[in-house]
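# Understanding the architecture of this molecule
Here is what each chain is made of, one letter per residue.
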Amino acid sequence: MKRSWIIVFLILCCFHNANAQKSNAEKIIGCWTFKTFEFVNPDEFSKEIIKEAQNTEVCFDTNGKFTSTKSGANAFTITGVYSLSEDGKTLSQKRDIATDGIDEDAEIVVLDAENLTFKLEFGTMLLQRKK
């Protein structure tokens with residue numbers, strides 16, 4: 001009986017480890033909702049920027065494409081392509097719109113089943129997986 005419990009425990013541990021070892025390329029797939037931003041140097045516009053960005057949704061697909069959507073009064077949709085570095089720790093995005101100096105690489109600080117946190121030059125952004 002004790003042996004059976006040990007086998008069940010080991011099977012569950014193996015299943016958990018297999019799931020936990022998904023690559024960031026697999027974990028990032030899906031839709032994420034903006035929650036907050038922590039600015040390195042906040043100014044008088046920081047709270048307004050965070051308020052405007054609330055409920056913005058970013059979706060990453062398996063083909064290396066992303067879509068950012070904001071609904072409401074100032075609605076917008078931005079599309080583009082993304083890639084992850086070989087080690088899965090850096091996200092690079094290229095938007096389909098032609099503007100200079102806005103696309104920036106982001107360091108992935110946290111990426112799990114529920115949370116995605118990016119570190120950018122001007123601060124840290126937290127998103128949560130859309131349910």
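Details of the structure are given in the entry above.
The model shown is predicted, which means the values in this text are computed figures rather than measured ones.

## Considerations on the sheet that holds strand 6 (residues 106-111)
- An order of 1-2-3-4-5-6-7-8 is seen for the eight strands of this closed barrel, with the pairing classed as antiparallel. Sheet twist, expressed as the average angle between the axes of neighbouring strands with direction ignored, equals 35 degrees.
- Across the sheet, helix 3 (residues 46-53) lies against strand 1 (30-39) and strand 3 (65-70), angled at about 170 degrees from strand 1, the strand it touches most.

## Digging into the state of the cysteines
- The final tally for this structure, using the stated rule, is one disulfide.
- Covalently, Cys31 is tied to Cys59 through a disulfide, its sulfur atoms 2.0 Å apart. Between Cys31 and Cys59 the sulfur-sulfur dihedral comes to about 110 degrees; the bridge is accordingly right-handed. On the criterion of sequence distance, the pair formed by Cys31 in strand 1 and Cys59 in strand 2 (residues 57-60) is long-range, its members being 28 residues apart.
- Here Cys31 falls in the partly exposed class, since its relative accessible area comes to 25%.

## Considering helix 3
- Turning to helix 3, its buried residues are Ser46, Ile50 and Ala53. One side of helix 3 carries all its buried residues, which in axial view fall inside an arc of 70 degrees. Set apart from the buried face of helix 3 by more than 90 degrees, the exposed residues are Lys47, Glu48 and Lys51.
- Among the structural elements, strand 1 are those in contact with the buried residues of helix 3.
- At the exit of helix 3 stands Asn55, carrying a positive phi of roughly 65 degrees.

## Remarks on the packing of aromatic side chains
- If you walk through the whole model with that rule in mind, you get three aromatic pairs.
- Ring geometry for Phe60 and Tyr82: centres 4.9 Å apart, planes at 80 degrees, overall edge-to-face. Pair noted here: Phe60 is in strand 2 and Tyr82 is in strand 4 (residues 76-84), with a separation of 22 residues, a long-range link.
- For Tyr82, a relative accessible area of 12% corresponds to the buried category.

## What about the pattern of salt bridges?
- Enumeration according to the criterion identifies two salt bridges in this entry.
- Note that Lys130 and Glu57 form a salt bridge whose closest N and O atoms lie 2.7 Å from each other. Residue Lys130 is found in the segment after strand 8 (123-129), and its partner Glu57 is found in strand 2; the two are separated by 73 residues along the sequence.
- The class of Lys130 is partly exposed, set by a relative accessible area of 46%.
- Between Glu114 and Lys131 there is a salt bridge, with its nearest N and O atoms 3.1 Å apart. Pair noted here: Glu114 is in the loop between strand 6 and strand 7 (115-120) and Lys131 is in the segment after strand 8, with a separation of 17 residues, a long-range link.
- Residue classification places Glu114 among the partly exposed residues on the basis of a relative accessible area of 37%.
- On the basis of relative accessible area, Lys131 is assigned to the exposed category, the value being 84%.

Rules used in this analysis
Residues numbered from 1 in each chain as written. Predicted model: local features only at pLDDT ≥ 70, side-chain atom pairs only at ≥ 80, totals over all residues. Heavy atoms only, no water. Pairing = 2+ DSSP bridges. Helix = DSSP H or I, 4+ residues; strand = E, 2+ residues; numbered from the N terminus. Axes fitted to C-alpha atoms, helices over the stretch in contact; angles between N-to-C directions. Contact = heavy atoms within 4.5 Å. Disulfide = S-S within 2.5 Å. Buried < 20%, exposed > 50% of the residue type's maximum accessible area, 1.4 Å probe, protein only. Arc of directions from axis to C-beta. Phe/Tyr/Trp six-rings, centres within 6.5 Å; stacked < 30°, edge-to-face > 60°. Salt bridge = Lys/Arg side-chain N within 4 Å of Asp/Glu carboxyl O.

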